[in-house]
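So you can see what is in the structure, the chains are spelled out below.
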Amino acid sequence: MTSTPAPVLGFEVNGAQGPVEADRHHEADSSGTKTPASQHSTDDEEKLEKPGASTYSYDTVFDDPVLAKYYAPPDNYESKHRFDPKATWTSEEEKKLIRKVDVRVCLFVCVCFAALQLDRGNISQALSDNMLVDLKISTNDYNLGQTIFYVCFLFMELPSQLISKKLGVDVWVPFQMIMWSVVSLSQFWLKGKKSFFATRALLGALEGGFIPDMILYLSYFYTAAELAWRLSFFWVSLTSTTIVGAFLAAGILQLRHESAHAGWRWLFLIEGIITLLVGIFAAFWLPPSPTQTKGSIRGKDGWFNEREETIIVTRVLRDDPTKSSMHNRQAIGFIDLWKSFTDFDHWPLYALGLTTFIAAGTVNAYFTLILKSLGFSTFHTNLLIIPSQVLFILFNLGLSALARRLDERTFVASIGSWWQLIFFIVLVAIPNQGAWTKYAVLTLLLAYPYAHPILVSWNSTISGSVRTRSVSASLYNIMVQLGSIISSNIYQAKDKPKYPHGNRVLLGIVSANIVLFFLTKAYFIFRNKQKRAAWAALTKEERAHYLATTTDEGNRRLDFVFKH
């Protein structure tokens, strides 16, 4: 029986049916392995039900003698020597290896992200200890300082990604961490407005690009579906750090009463030293790639043996052959950069990145100040932020799990916006609330299901090339930071403490964002129909000629369709 090879990500393998989405022509067997529907037989199912059955039970582009040469890794790809298109392994072997990668790679990446959040998020706790009063700066000065931070963060997003692509994430990220930690701990010696603005600018510039760098780094080790789930834990580490930071702050800020310096100064110093130590360790721990793990503290034999390296590399490239299109020390040229800038199919996601997080970001930035204005003490304020963070973690993981289960991105990601809409309607309709009622409303609002992991992995999935994936990750995060700049300027001093005007503005932004989700869904449906129609119009010979001669790259190819 002739079977249709399974497509990889958005690529059609043999052109028999036109462009298709990667999971649409698969059926899950009893072990959870996906097999082409056209290949299922009694013998296959019996084989897969046996313990130790190979997870490689379906065709890929590398099994097609015509297509394989178009997707084979180039000679300069750092892991080509471990790629074996005919390699097989058991499901137990794969699960054990993935757990090993999770512990060695993903867990420490989460620790690094926690270090980022500790140093950029502790200003919220510092505010609760009268930092603005001590430095003789106003709420508007604080807004300007945060705007400076986000502008510098935004400005360095793309340059940082380009530097890390040239030097390697394993080299550039530890340097970033060490430098921003030094600036962070130096805030112990802040004197006033000028030094506050200066440290905000330096922190933003040094932290910019860290997130897309790490997303690219994780893509070396995981398939697209696995990356989406890992990114949800990536952002859980951010929220977990906020909780831990709140407990730390509750204790450290008490040093105001035990020393000659304010508690917030000790907060910056102590937490800066913690992240500095993490950065120094990262310089020795992060390997360049799955096949380059030998090192001083990683061991002379590295983390993985030859077979494990083969499994990691082969499964990642079977999932997305384009991940071998650039090696991990290859710079992105101007022409490639321009191609990524003009990839209009990413623009709907950039628009979502800009608008999805403005409303909650505004409230979160002022949460501690609002609680103080409601009469809560510094100690209780820092503890009262914890419930919202715990709920945020649960809803974050739940939303990512739902998107993974339904294989749906647009409508699932919009759930968080619908959630915010409800509570902003309450804030606008009932501006006069008691302290505990207001606290409950704001807590539930900030616990909203967080779409960021879904949008980030979605942006990566529709890239279709390492070049576009690298640049689009930065451009997406630039849009998110632009949203942060907007959110830093919505609540104004003249509007405090209830911020009724600001809340009406945020209600409008959330409403517009929900409309944008629907428009994004419609856009990708339209683009896929366009591609399928163009592909269906080609004869079998014309399709083969197209694959052999096309200059279209990544998601511009006719045999690529968009997940949505």
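One can find the structure itself at the top, above this paragraph.
Attention in this report is confined to the structure presented alongside it. Quantities reported herein were computed from a predicted structural model and do not represent experimental measurements.

**Re the overall build of the protein**
Okay, so step 1: Check the secondary structure of the protein and you find 23 helices and two strands.
Okay, so step 2: Sequence separation of at least 24 residues holds for 79% of the intrachain contacts in the protein that already meet a minimum separation of 6.
Okay, so step 3: If you sum the accessible surface of the protein, you get close to 22700 Å²; carbon and sulfur atoms cover 64% of it.

**Some remarks on the pattern of salt bridges**
Okay, so step 1: Summed over all chains, the structure comprises 16 salt bridges.
Okay, so step 2: Residue glutamate 309 is joined to arginine 82 by a salt bridge in which the shortest nitrogen-to-oxygen separation is 2.6 Å. Of the two residues, glutamate 309 is situated in helix 11 (residues 306-319) and arginine 82 in the loop between helix 2 (68-71) and helix 3 (91-127); the sequence distance between them amounts to 227 residues. As far as the burial class goes, glutamate 309 and arginine 82 line up, both buried.
Okay, so step 3: Each of Arg82, Glu306 and Glu309 takes part in one network of salt bridges that share partners.

**A closer look at helix 7 (residues 193-207)**
Okay, so step 1: Helix length check: helix 7 (15 residues) gives 21 Å between terminal C-alpha atoms against 21 Å at 1.5 Å per residue, within 8%.
Okay, so step 2: Three or more residues of helix 7 are buried, namely Phe196, Phe197, Thr199, Arg200, Leu203, Gly204 and Glu207. Across the axial projection of helix 7, the buried residues extend over an arc of 165 degrees, all falling on one side.
Okay, so step 3: Looking at the packing, one finds that the buried side of helix 7 touches helix 3, helix 4 (131-135), helix 5 (139-167), helix 6 (169-185) and helix 8 (210-219).
Okay, so step 4: Among the residues trailing helix 7, glycine 209 stands out with phi positive, at a value near 90 degrees.

**Observations concerning the side chain of serine 219**
Okay, so step 1: Within the element layout of this structure, serine 219 appears in helix 8.
Okay, so step 2: Apart from residues lying up to four places away in sequence, serine 219 is in contact with Leu227, Val316, Lys323 and Arg469.

**Describing the packing of helix 18 (residues 415-429) against helix 19 (residues 435-446)**
Okay, so step 1: Direction vectors running N to C along helix 18 and helix 19 enclose 160 degrees, while the axes themselves pass 9 Å from each other. Comparing the axis directions of helix 18 and helix 19 gives the class roughly antiparallel. Where helix 18 crosses over helix 19, the two elements pack in a sense that is left-handed. Note on element contacts: helix 19 touches helix 18 through Lys438, Val441, Leu442, Leu444 and Leu445, opposite Trp419, Phe423, Phe424, Val426 and Leu427.
Okay, so step 2: Residues belonging to the contact of helix 18 with helix 19 are distributed by class as follows: nine nonpolar, no polar and one charged.

**Structural notes on a nonpolar patch on the surface**
Okay, so step 1: Together, Ile273, Leu277, Ile280, Phe281, Phe284 and Ile297 give the surface a local cluster of nonpolar side chains, amounting to about 540 Å² of exposed area.
Okay, so step 2: Within the element layout of this structure, isoleucine 273 appears in helix 10 (residues 263-285).

**Here we look at the packing of aromatic side chains**
Okay, so step 1: In this structure the tally under the stated criterion is 39 aromatic pairs.
Okay, so step 2: Ring centres of phenylalanine 113 and tryptophan 235 lie 5.8 Å apart, and the angle between their planes is 85 degrees; this geometry places the pair in the edge-to-face category. Residue phenylalanine 113 is found in helix 3, and its partner tryptophan 235 is found in helix 9 (residues 224-252); the two are separated by 122 residues along the sequence.
Okay, so step 3: Take tryptophan 235: its relative accessible area is 2%, and that puts it in the buried class.
Okay, so step 4: Relative to phenylalanine 153, the ring of phenylalanine 149 lies with its centre 5.8 Å away and its plane at 40 degrees, an arrangement referred to as tilted. A residue pair is termed a helical-turn pair when its members lie 3 or 4 positions apart in one helix, as phenylalanine 149 and phenylalanine 153 do in helix 5 at four residues. Like phenylalanine 149, the residue phenylalanine 153 is buried in the burial classification.
Okay, so step 5: A network of ring pairs unites the aromatic residues Phe108, Phe281, Trp285, Trp303 and Phe304 as a single cluster.
Okay, so step 6: The ring of phenylalanine 411 has lysine 521 sitting right over it, with the charged end atom 5.1 Å from the ring centre.

What counts as what
- Residues numbered from 1 in each chain as written.
- Predicted model: local features only at pLDDT ≥ 70, side-chain atom pairs only at ≥ 80, totals over all residues.
- Heavy atoms only, no water.
- Helix = DSSP H or I, 4+ residues; strand = E, 2+ residues; numbered from the N terminus.
- Contact = heavy atoms within 4.5 Å.
- Areas by Shrake-Rupley, 256 points an atom, 1.4 Å probe, with all protein chains shown as cover.
- Salt bridge = Lys/Arg side-chain N within 4 Å of Asp/Glu carboxyl O.
- Buried < 20%, exposed > 50% of the residue type's maximum accessible area, 1.4 Å probe, protein only.
- Expected span 1.5 Å × (residues − 1).
- Arc of directions from axis to C-beta.
- Axes fitted to C-alpha atoms, helices over the stretch in contact; angles between N-to-C directions.
- Parallel < 35°, antiparallel > 145°, perpendicular 65-115°, else oblique.
- Left-handed = near helix turned anticlockwise from the far one by under 90°.
- Nonpolar A, V, L, I, M, F, W, Y, C, P; charged D, E, K, R; others polar.
- Patch = residues over 30% accessible without salt bridge, like charges linked within 9 Å, V, L, I, M, F, W, Y side chains within 5 Å.
- Phe/Tyr/Trp six-rings, centres within 6.5 Å; stacked < 30°, edge-to-face > 60°.
- Lys NZ or Arg CZ within 6 Å of the ring centre and 35° of its normal.

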